[in-house]
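Residue-level structure breakdown
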Amino acid sequence: QVQLVESGGGLVQPGGSLRLSCAASGSILSWYNMAWYRQAPGKQREWVATFTSRSYTLYADVVKGRFTISRDNAKNTLYLQMNSLKPGDTAIYYCKMSTPAYDSWGQGTQVTVSS
């Protein structure tokens with residue numbers, strides 16, 4: 001059974017940076033499309049970025065140029081480097097693995113951008 005564990009969230013000032021990690025166990029992360037989503041209080045969960053099984057990257061317009069998604073196959077881990085953070089980036093961030101049979105989600109990590 002796949003387990004995804006996010007980490008790296010925290011409190012950061014506007015303009016700061018954080019790097020989120022999503023460690024996978026029970027499956028090979030590089031076989032599937034992986035994505036980051038986020039959910040702010042009172043809002044629906046929204047897509048942030050995708051790293052495909054063929055190593056293509058896709059970004060939501062709202063984070064393009066500020067966030068970078070990457071993957072370390074040796075560590076079976078997905079990352080999200082977040083730079084130039086804004087208060088509007090405050091949310092719980094989730095990683096998702098999409099297989100042909102099902103989607104798996106992590107438990108999320110809180111990111112708070114505030115002065």
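Here's a quick rundown of the structure. Model, not experiment: these values are computed from the prediction.

Broken down by element type, the protein carries zero helices and 11 strands. Relative to the compact-globule value of 13 Å for 115 residues, the protein shows a C-alpha radius of gyration of 13 Å, a close match. Taking the principal axes of its C-alpha atoms as reference, the protein extends roughly 40 × 25 × 25 Å. Burial status across the protein gives 46% buried among its 115 residues. The contacts in the protein between residues at least 6 apart in sequence include a share of 52% that link residues at least 24 apart.

In total, this model carries one disulfide according to the counting rule given. The disulfide that involves C22 links it to C95, with 2.0 Å between the sulfurs. Every disulfide takes its handedness from the sign of the S-S torsion; for C22 and C95 that torsion is 55°, giving right-handed. Highlighted residues: C22 in strand β3 (residues 18–25) and C95 in strand β9 (residues 91–98), separated in sequence by 73 residues. Just as C22 is buried, C95 falls in that class too.

Ordered by their spatial adjacency, four strands build an open sheet running β1-β3-β8-β7, and the pairing between neighbours is antiparallel. A single partner strand is all that each edge strand has here, and the edge strands are β1 (3–7) and β7 (67–72). Across the sheet, the mean angle from the axis of one strand to that of its neighbour is 15°, orientation sign disregarded. Here β7 runs beside strand β8 (residues 77–82); their pairing, made up of six bridges, is antiparallel. Residue R71 lies in a different strand from β8, and its bridge partner there is L78.

Rules used throughout
- Counting restarts for each chain: residues are numbered from 1 in the order of the written sequence.
- Totals for whole chains, interfaces and linings use every residue, but because this is a predicted model, local features are given only for residues with pLDDT of at least 70 and side-chain atom pairs only at 80 or more, for both listing and counting.
- Side-chain descriptors were evaluated using all non-hydrogen atoms of the structure, hydrogens and water having been removed beforehand.
- Runs of H or I in DSSP of at least four residues are treated as helices and runs of E of at least two as strands, each being numbered from the N terminus.
- Here the radius of gyration uses the C-alpha set of atoms, whereas the globule reference equals 2.2 Å times the residue count to the power 0.38.
- Buried, partly exposed and exposed residues are distinguished by accessible area as a fraction of the type maximum, computed with a 1.4 Å probe on protein chains only: under 20%, between the cut-offs, and over 50%, respectively.
- Residue contacts follow a heavy-atom distance rule, with two residues in contact if any of their heavy atoms lie within 4.5 Å.
- Disulfides are defined as pairs of cysteine sulfur atoms found within 2.5 Å of each other.
- Two strands pair under a simple rule: DSSP has to find at least two bridges between them.
- For helices, the axis comes from a line fit to the C-alpha atoms of the stretch in contact; other axes are also lines fit to C-alpha atoms, and the angle between any two N-to-C directions lies between 0 and 180 degrees.

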